[in-house]
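As a plain string of letters, each chain reads:
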Amino acid sequence: MKKITLIAVLVGLIYTTNTQAQDFSFGVKAGLNVSSLSSNAGVNYGSKPGFHAGVAAEIPFSDAIYFQPEVLVTLQGTGSGLGNDINLFYLSVPFAVKYNIWDELHIEAGPQLGVLISDNIDVLDTNKLDLGVLVGAGYRLDDNFYFQLRFNAGFINVIEDSTSKNRVLQVSAIYFF
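Rules behind the numbers
Residues numbered from 1 in each chain as written. Predicted model: local features only at pLDDT ≥ 70, side-chain atom pairs only at ≥ 80, totals over all residues. Heavy atoms only, no water. Salt bridge = Lys/Arg side-chain N within 4 Å of Asp/Glu carboxyl O. Helix = DSSP H or I, 4+ residues; strand = E, 2+ residues; numbered from the N terminus. Buried < 20%, exposed > 50% of the residue type's maximum accessible area, 1.4 Å probe, protein only. pLDDT = per-residue confidence, 0-100. Contact = heavy atoms within 4.5 Å. Core = buried A, V, L, I, M, F, W, Y, C linked by side-chain atoms within 4.5 Å.

I would appreciate a short explanation of the pattern of salt bridges in the present structure.
Pairing of side chains with opposite charge becomes possible as their charged atoms draw close. Tallied over the full model, the rule gives seven salt bridges. When the shortest N-O distance is used, the salt bridge between Lys 98 and Glu 58 registers 2.5 Å. You can see Lys 98 sitting in strand E4 (residues 86–102) and its partner Glu 58 sitting in strand E2 (residues 48–60), a full 40 residues away along the chain. Just as Lys 98 is buried, Glu 58 falls in that class too. Across the pair Lys 128 and Asp 119 runs a salt bridge, and its minimum N-O distance is 3.8 Å. The class for Asp 119 is partly exposed, based on a relative accessible area of 24%.

In this structure, what is going on with the confidence of the model for the protein chain? I would like to understand it.
Should the pLDDT be low somewhere, the predicted coordinates at that spot are not to be read in detail. Summarising the model, the protein chain shows a mean pLDDT of 86, and 83% of its residues fall at 70 or more. Mean pLDDT across the elements of the protein chain ranges from a minimum in helix H1 (residues 2–19), with 51, to a maximum in strand E6 (residues 129–140), with 97.

Honestly, the environment of Leu 129 in this entry has me stumped. Any pointers?
With respect to the helices and strands, Leu 129 occurs in strand E6. Judged by its relative accessible area of 44%, Leu 129 falls in the partly exposed class. Between the C-alpha atoms of Leu 129 and Val 115, which are 14 residues apart in sequence, the distance is 4.8 Å. The contact partners of Leu 129, leaving out residues within four places of it in the chain, are Leu 113, Gly 114, Val 115 and Ile 156.

Just checking my understanding: could you explain the nonpolar core for this structure?
If you look at soluble globular proteins, the nonpolar side chains tend to sit buried side by side. Ranked by size, the top nonpolar core spans nine residues in total: Leu 37, Tyr 45, Ile 86, Leu 88, Tyr 90, Leu 116, Ile 121, Val 158 and Ile 159. Ranked by the residues each element gives to this core, the list is headed by E4, at three residues. If we ignore the near neighbours within four places in the chain, the residues touching Tyr 90 are Leu 72, Val 73, Thr 74, Gln 76, Gly 114, Val 115, Leu 116, Ile 117, Asp 130, Val 158 and Asn 166.

What follows is the structure in structure tokens.
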């Protein structure tokens, strides 16, 4: 039964993508992050500026609903500005579903998967996988430029045996070709 359901979903996605292929958009994305780690009572994590850059696609399902998968390299972490910052480089794959609420204004939400590709933590064990959720909004300036404000919240502790989930605020620009 699971195989039949999976095949039906895949066929539906392929059919929908093929019928909307003329509207498929591909672009480049870049922006700034302000990140931190959630903390328990004994740890005080500060905010850290960072960046993200990569590629994005936009696949319409209707006039109001879009699917936007992305592949990004992102610098996250936490810091105090005293040279003991935690730097976490992730390969992030967000899967946003966007809903057009008014003219060119969209709201978006979805899951995000992150794979830790590099860090500067030597004495503690880190989880290499991050799974989280994103929520945000965006504005389409014209056919090519799209701007986003997004919050990502991780569900998995970055540092094992410590409350240390990713929290990231992102401001982005996407140029669709």
